[in-house]
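Each chain, letter by letter, is given below.
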Amino acid sequence: MIEEFKEFTFKDTSEIAVPKRIVDQVIGQDNAVNVITKAARKGRHVLLIGEPGTGKSMLGLALAEIMGKEKLVDILSFPNPNDENTPLIRTVPAGKGREIIAKSKIESMGMLKNQNVLLFVLAIISMIAPWWIRSSYLAEKGGSPTSASIMFAAFFMGGMLFLASFVIFLNLGKKMAPNKTQAPKIIVDNYKRKQAPFYDATGAHAGALLGDVLHDPFQSGGLGTPAHERVVAGMIHKCNMGVLFIDEIATLQPATQQELLSALQEGKYAITGQSERSAGAMVRTEPVPCKFIMIAAGNLETVKNLHPALRSRIRGYGYEAFMNETIKDTKENRMKIATFIAQEIKKDGKIPHFSREAIILIIQEAKMMANRKGHLTLRLRELGGLVRASGDIASEERAKLVLPNHIMKARKISRTLEHQIADKIIERKREYEVIKVTGTQIGRVNGLAVMGGGSAFSGIILPIESAVTPGGKENKVVATGKLGEIAKEAIQNVTAIIKKYFGEDIKGQYDIYIQFLQTYEGVEGDSASVAVATAIISALKQVPVRQNYAMTGSLSVRGEVLPVGGVSSKVSAAIDTGIEKVIVPQANLRDIILPKEMVGKIKIVPVETIAQVLEETLDWKGKESVLKKIKAANGSR
């Protein structure tokens, strides 16, 4: 293993230079990087399709970084003197918006100060005048206390009515001249922004994405907040002249996707009520600028559910790119993974550097996670999780460097949910002897399967039993165990193998029953085809199956064993269960990458045909003639 890494002349990750630009930190996505670079220069939209953790959001940030901050503007909402429910929208150069707001507030404060002084003087006069009248009236000859009190009350009430009228007059003045008394509101602020804005709108509701008008319970009485101050810009407006990133874009409501399409086409979109707590359609601004570049992302299912017109807009005015899940295992790409480790350490800022040996072990993990021979995974989010978990353990132990033993410990505490669930399933099945790893039994086989997907594969043991009974008028093949469509079709194809090797039409003579024991999680795919065929032939010819074997592999109608996915995880599960030997397709042999502590704990038997599987796993004692028949049908292979 060490000979593979002669190019690693450094001692630890502190000696690895980390690129400063985000676009240079994206690993293994050369085509997507090329597309993003062109999109940034020409202002094109991009649709990125790929599995989670392959760098889609990072590419969006890279695009914003490349664009720079040219032509950025602040957007302000002004009161409309002609229609208060249609606020005016104006744009000014970035940074000028705050100056306008500050100046307007100072002017408003000056007017308010003068009004407050006048109101204070009038209030004092209104309070003193009744007492002065009362005192004057009592001082006069013939003035009675009763008359003085009446005059006091009259002047006091008159003063209060005067003050109330004055306040109402001021409010009417504001209504008549709103531009002089109401400051505008800055709804998009790009003050001191160093690069083009980037907003991640993944999962955003319509109001957050398209803008909204806040609800005001006093708006109908004329005492509420002016309409222009209740306007809230959406992310499409905040990323004007920038980048809007939306992952899993197909999860947006169809109506929201349609509105987003309108914004893309027009480059401007009026803000109105979108949420249940908004002002509804009563307030609608003038069109607000929203000239942004959209990075839409998702998986293959996203393409099916994406609004056709929206995808057409992206294709017609931009690019589509498919994200790589793996890269070839070369010296150059191994160095890229080492650089990725250094990047994660720098971003985290809390974990120590990795030693050369620890880097090599992480690269071995990248090989295992790739599930493809001669490749390294590009699902780097999961790999980064292992890096951080290893660094946390090293920090707790106050180690200066992360060493291989820290990674070994991190593996145990950072196992995926699928792995943890698979362990529980295996534990329960062994506890109740559903899984057998010793002896022989007719019609029973230890199959292998996986839970999860992508790099979160976890292997499980899949016990399969078969029984063959004399057929009736309606001969049939019955399979139970919550099977998916592909799994059902694979079982039907097994009948062709029976005909080939034994010349017997099972439909005319037998009913076949196949049971996937306790598969509550369901079975999909055709990787159990080899195990199913072995179980049926064992039951048909009454030849026992060795239970210390487990097997995986797809099966063609000609009896060829074809490659399957997740082989490393399946072999690991067999080791954890106590299986001694495992049958795998010859084509998958180079895909198997095991942790160092598992190497040598199991015998791996590669096969190319079902005949080889049967010869290896069945106990042919007393049935040698059947084996000869199989070999003869198998020919030179």
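Here's what I pulled together on the structure shown here. (Residues numbered from 1 in each chain as written. Predicted model: local features only at pLDDT ≥ 70, side-chain atom pairs only at ≥ 80, totals over all residues. Heavy atoms only, no water.)

**Here's the deal with the sheet that holds strand 18 (residues 444-451)**
Sheet strands line up and pair through hydrogen bonds in the backbone, either parallel or antiparallel. Here is the rule we go by: Paired strands are those between which DSSP finds at least two bridges. A run of H or I in DSSP becomes a helix once it reaches four residues, and a run of E becomes a strand once it reaches two; helices and strands are each numbered from the N terminus. To define axes, lines are fitted to C-alpha atoms, for helices over the stretch in contact only, and angles between the resulting N-to-C directions are given on a 0 to 180 degree scale.
Read across the open sheet, the seven strands follow the order 20-21-19-18-23-26-27; overall the sheet is mixed. The sheet is open, and its two edges are formed by strand 20 (477-480) and strand 27 (603-607), each paired on a single side. Pairwise comparison of adjacent strand axes, ignoring direction, gives a mean angle of 30 degrees for this sheet. Where strand 20 and strand 21 (residues 510-516) come together, four bridges link them in parallel fashion.

**Re the sheet that holds strand 3 (residues 88-93)**
Ordered by their spatial adjacency, three strands build an open sheet running 3-2-4, and the pairing between neighbours is antiparallel. In this open sheet, the two edge strands, each paired with only one partner strand, are strand 3 and strand 4 (185-188). The average undirected angle you get between the axes of adjacent strands in this sheet is 35 degrees. Pairing of strand 2 (residues 73-78) with strand 3 involves six bridges; the strand directions are antiparallel. By the bridge assignment for strand 3, Asp 74 is matched with Val 92.

**Overview of the packing of aromatic side chains**
Condition: Planes of paired rings set the category: under 30 degrees apart is stacked, over 60 is edge-to-face and the rest tilted, where pairs are Phe, Tyr or Trp rings (Trp by its six-membered ring) whose centres lie within 6.5 Å. Consider the ring centre and the ring normal. A charge sits over the ring if Lys NZ or Arg CZ is within 6 Å of that centre and within 35 degrees of that normal.
Considering all chains together, one arrives at two aromatic pairs under this definition. The aromatic ring of Tyr 317 is capped on one face by Arg 313, whose charged end is 3.9 Å from the ring centroid.

**Here we look at unusual backbone geometry**
The cut-off we apply is this: Here the term buried applies to any residue with accessible area under 20% of the maximum for its type, exposed to any over 50%, and partly exposed to those in between, with areas from a 1.4 Å probe on protein chains only.
At Glu 248, a position not held by glycine, the phi torsion is positive, near 50 degrees. With respect to the helices and strands, Glu 248 occurs in the loop between strand 8 (243-246) and helix 9 (254-266). Non-glycine residue Gln 542 carries a positive phi angle of around 55 degrees. With respect to the element layout, Gln 542 can be found in the loop between helix 19 (529-541) and strand 22 (544-546). On the accessibility criterion, Gln 542 (44% relative accessible area) is partly exposed.

**Observations regarding the environment of Glu 397**
Cut-off, in case you're wondering: Nitrogen and oxygen atoms within 3.5 Å of one another constitute a polar contact, given that in protein one can donate a hydrogen and the other can accept it, and given that sequence-neighbouring residues count only through two side-chain atoms.
Structurally, Glu 397 can be placed in the loop between helix 14 (380-396) and strand 16 (401-402). Of the residues examined, Glu 397 reaches a relative accessible area of 41% and is grouped as partly exposed. Here His 406 takes part through its side chain, which lies 2.9 Å from a polar atom of the side chain of Glu 397.

**Examining the environment of Pro 52**
Applied cut-off: Contacts are residue-level and defined by heavy atoms, with any inter-residue pair within 4.5 Å sufficient.
Looking at the element boundaries, Pro 52 is found in the loop between strand 1 (45-49) and helix 3 (56-67). Given the relative accessible area of 36%, Pro 52 is considered partly exposed. Sequence separation between Pro 52 and Arg 381 is 329 residues; the distance between their C-alpha atoms is 8.0 Å. Discounting chain neighbours no more than four positions away, the residues touching Pro 52 are Arg 379 and Arg 381.

**Considering the pairing of strand 11 (residues 293-298)**
Where burial is concerned, most of strand 11 is hidden: six out of the six residues are buried. The alternating pattern of strand 11 places Ile 293, Ile 295 and Ala 297 and Met 294, Ala 296 and Gly 298 on opposite faces, both of which are buried. Where strand 1 and strand 11 come together, four bridges link them in parallel fashion. Bridged to Ile 49 within strand 11 is Gly 298. As paired strands, strand 8 and strand 11 are joined by four bridges and run parallel to one another. Considered in strand 11, the bridge of Ile 246 is made with Ala 296.

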